[in-house]
Amino acid sequence: MVTSPAPSAGRLGPEELRQLAWRVAAQVVDPEIPVLTIADLGVLRGVDVKDGCVEVTITPTYSGCPAMNMIALEIEVALRSAGITAACVRTVLSPAWTTDWLTEDGQRKLREYGIAPPKPGGSGRRLLFGHETIACPRCGSDDTHLLSEFGSTACKALWRCGACQEPFDYFKCH
Amino acid sequence: MRGRRLCGKGAGHARPCAQAPLGGQEGARRAKEASLTTTSITVAETPIVLYALRRADDALILGHRLSEWCGHAPMLEEDMALSNIGLDLIGQARLLYTYVAELEGAGRDEDSYAYLRDAPQYRNLLLVEQPNGDFAKTIVRQFFYSAFADPYWRAMTASENATLAAIAAKAEKESAYHLRHTSEWVIRLGDGTQESHARAQTAVEELWSFTGELFEADATERELIKERVAVDPASLSRAWSETVGGVIREATLQAPASTWMQTGGRSGRHSEHLGHLLSALQYLQRTYPGAKW
């Protein structure tokens with residue numbers, strides 16, 4: 001978390017304030033996948049300054065993702081720690097978030113964390129009744145199978161690797 | 001449902017950072033309602049409000065039903081799956097209620113609609129309020145609903161109403177997973193043991209008469225369909241029949257021959273089950289008005 005000296009933000013011009021707010025907000029991490037920032041996820045959509053008030057725009061991942069409230073709170077706390085007190089968080093639904101927005105860096109971080117990243121361009125619809133091949137994030141083997149369509153959070157499914165025998169989470173396409 | 005208060009956590013509109021206090025009776029009503037200490041609300045049901053409310057109520061009531069399984073499902077993975085599907089549905093309900101609140105502009109929020117309406121004010125389908133029964137019944141109920149919700153939300157992504165289209169863009173992906181999961185279970189149960197087959201068949205027969213309501217549109221909705229805000233549900237009935245028919249056949253189950261269908265949920269005529277459900281869902285706010293946690 002960024003802890004710039006609190007009084008400095010008040011003396012910044014609108015553009016400097018906007019850039020500072022973006023840098024601060026971009027470092028907020030997903031509470032359920034703490035290796036990913038909201039910038040990696042594509043959840044952070046924009047930062048504007050209107051009449052000295054910072055407005056951070058985010059977009060929800062899944063309709064029912066309970067992390068969204070937490071993320072909004074974390075953004076406010078991070079901004080406040082950076083001396084930005086006049087701030088609010090706005091949620092927009094359009095365009096709808098998709099796992100395709102996950103950055104390459106984000107995909108790598110997920111894999112290193114033990115979560116198989118979503119297949120780029122794979123929507124739930126095309127996979128309906130289809131068979132997916134998901135590589136094990138630990139050993140890279142394709143000898144994997146689905147244990148449960150719905151995993152520990154709304155965005156993940158539970159898989160197991162036949163080669164290394166380890167269970168792992170798969171970040172579902174959305 | 002109550003999350004942290006944000007400036008405009010809803011669908012695309014930012015509320016001002018600080019709202020000017022209102023004076024007089026209206027201010028007092030809003031303050032009372034915001035603290036949920038008012039007993040019941042009456043919603044000004046304009047066509048679009050009613051339309052969004054009906055879909056929100058479907059999602060909330062079905063999501064609540066699934067939450068009743070939490071800690072009781074036949075196995076851990078399924079417990080998580082049902083909770084996940086319930087979470088998706090409650091998430092959809094939140095987005096829709098938040099939109100209703102914006103449309104009404106009466107200072108209400110998502111919680112007002114969930115906690116402060118009585119059963120006759122609920123506009124959900126009779127199908128979604130049916131009790132969980134056994135696992136087969138829960139799965140078949142979800143399957144019948146998801147087989148409709150999936151093409152419905154996909155079609156709604158083209159709605160002339162930008163907010164409903166945006167909500168649909170999220171819901172349609174979630175519905176695809178729900179449909180896939182429940183389809184696989186219907187096949188597994190129907191084409192499983194004698195016991196699971198019998199239970200799945202009973203569930204299909206018990207729930208069949210609630211499926212007609214999925215395709216109903218009243219005069220209000222027909223106007224919205226003309227304006228391309230809403231999708232004509234009758235246009236989805238063929239896709240539904242094909243999906244349901246295909247899965248039922250593969251599951252070695254039989255669709256009932258009867259075409260007699262129940263109706264009434266959309267206008268607030270519910271089965272007695274809804275009242276029981278709401279007594280659990282609304283218990284805290286009804287017993288301790290204005291309670292916060």
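Residues numbered from 1 in each chain as written. Chains lettered and ligands numbered in written order. Predicted model: local features only at pLDDT ≥ 70, side-chain atom pairs only at ≥ 80, totals over all residues.

A word on the overall build of chain B
Thought 1: Each helix and strand in chain B was counted, giving 12 helices and 0 strands.
Thought 2: Listed by position from the N terminus, the elements making up chain B come as α-α-α-α-α-α-α-α-α-α-α-α.
Thought 3: In summary, chain B has a C-alpha radius of gyration of 19 Å against a globular reference of 19 Å for 293 residues, a match within 12%.
Thought 4: In terms of overall dimensions, chain B has a C-alpha envelope of 65 × 45 × 30 Å along the principal axes.
Thought 5: For chain B, buried positions account for 46% of its 293 residues.
Thought 6: Put simply, of all contacts in chain B between residues at least 6 apart along the chain, 74% involve residues at least 24 apart. (Helix = DSSP H or I, 4+ residues; strand = E, 2+ residues; numbered from the N terminus. Rg over C-alpha atoms; globule rule 2.2 N^0.38 Å. Buried ≥ 20, exposed ≤ 12 C-beta atoms within 10 Å, placed from the backbone. Contact = placed C-beta atoms within 7 Å.)

Quick look at the domain arrangement of chain A
It is common to report an interface's size as the accessible area lost on association of the parts.
Residues and elements named next belong to chain A.
Thought 1: Here the domain parsing of chain A yields domain 1 (6-91) and domain 2 (99-171).
Thought 2: Of the residues lining the interface, 11 residues belong to domain 1; the matching set on domain 2 comes to 12 residues.
Thought 3: Of the residues contributing to the side of domain 1 that touches domain 2, the split by class is 6 nonpolar, 3 polar and 2 charged. (Domains from an automatic or database assignment. Nonpolar A, V, L, I, M, F, W, Y, C, P; charged D, E, K, R; others polar.)

Observations regarding helix 8 (residues 194-208) of chain B
Residues and elements named next belong to chain B.
Thought 1: Its 15 residues place the ends of helix 8 21 Å apart at the C-alpha level, agreeing with the 21 Å of an ideal helix rising 1.5 Å per residue.
Thought 2: Of all the positions in helix 8, only Arg199, Ala200, Gln201, Ala203, Val204, Leu207 and Trp208 are classed as buried.
Thought 3: Where helix 8 is buried, its residues contact helix 5 (126-129), helix 6 (135-156), helix 7 (162-190) and helix 10 (237-250). (Expected span 1.5 Å × (residues − 1).)

Section: the confidence of the model for chain A
Residues and elements named next belong to chain A.
Thought 1: Chain-level statistics for chain A give a pLDDT mean of 87 and a share of 88% at 70 or above.
Thought 2: By mean pLDDT, the top-scoring element of chain A is strand 2 (residues 53-58) (96), and the lowest-scoring one is strand 5 (residues 144-148) (90).
Thought 3: Across residues 3-7, where pLDDT falls below 50, the model places 6 contacts with residues more than four positions away in sequence or in other chains. (pLDDT = per-residue confidence, 0-100.)

Quick look at the sheet that holds strand 1 (residues 44-50) of chain A
Residues and elements named next belong to chain A.
Thought 1: Ordered by their spatial adjacency, 3 strands build an open sheet running 1-2-3, and the pairing between neighbours is mixed. Either end of the sheet is taken by a strand with one partner, and the two such strands are strand 1 and strand 3 (87-91). With strand direction ignored, the average angle separating the axes of adjacent strands in the sheet is 20°.
Thought 2: Here strand 1 pairs with strand 2 via 6 bridges, running antiparallel. In the strand pairing of strand 2, valine 47 is matched with valine 56.
Thought 3: Together, strand 1 and strand 2 form the strand contacts of helix 1 (residues 14-26), whose direction differs from that of strand 1 by roughly 150°.
Thought 4: Its contacts with the sheet place helix 3 (residues 67-81) against strand 2 and strand 3, and it is angled at close to 155° to strand 3. (Pairing = 2+ DSSP bridges. Axes fitted to C-alpha atoms, helices over the stretch in contact; angles between N-to-C directions.)

What about the pairing of strand 6 (residues 156-161) of chain A?
Residues and elements named next belong to chain A.
Thought 1: For strand 5 and strand 6, the ladder comprises 4 bridges, and the chain directions are antiparallel. When the bridges of strand 6 are listed, leucine 146 appears paired with tryptophan 159.
Thought 2: Summarising the sheet, strand 6 and strand 7 (residues 167-171) pair through 5 bridges and their orientation is antiparallel. Of the residues in strand 7, the one forming a bridge with arginine 160 is proline 167.
Thought 3: Linking two consecutive strands that pair antiparallel, namely strand 6 and strand 7, is a turn of 5 residues; a positive phi of about 70° is found at glutamine 165 within it.

With respect to the sheet that holds strand 4 (residues 115-116) of chain A
Thought 1: If you walk across this open sheet you meet the 4 strands as 4-7-6-5 (chain A), and the pairing is mixed. Two strands lie at the open edges of the sheet, namely strand 4 and strand 5 of chain A, each paired on one side alone.

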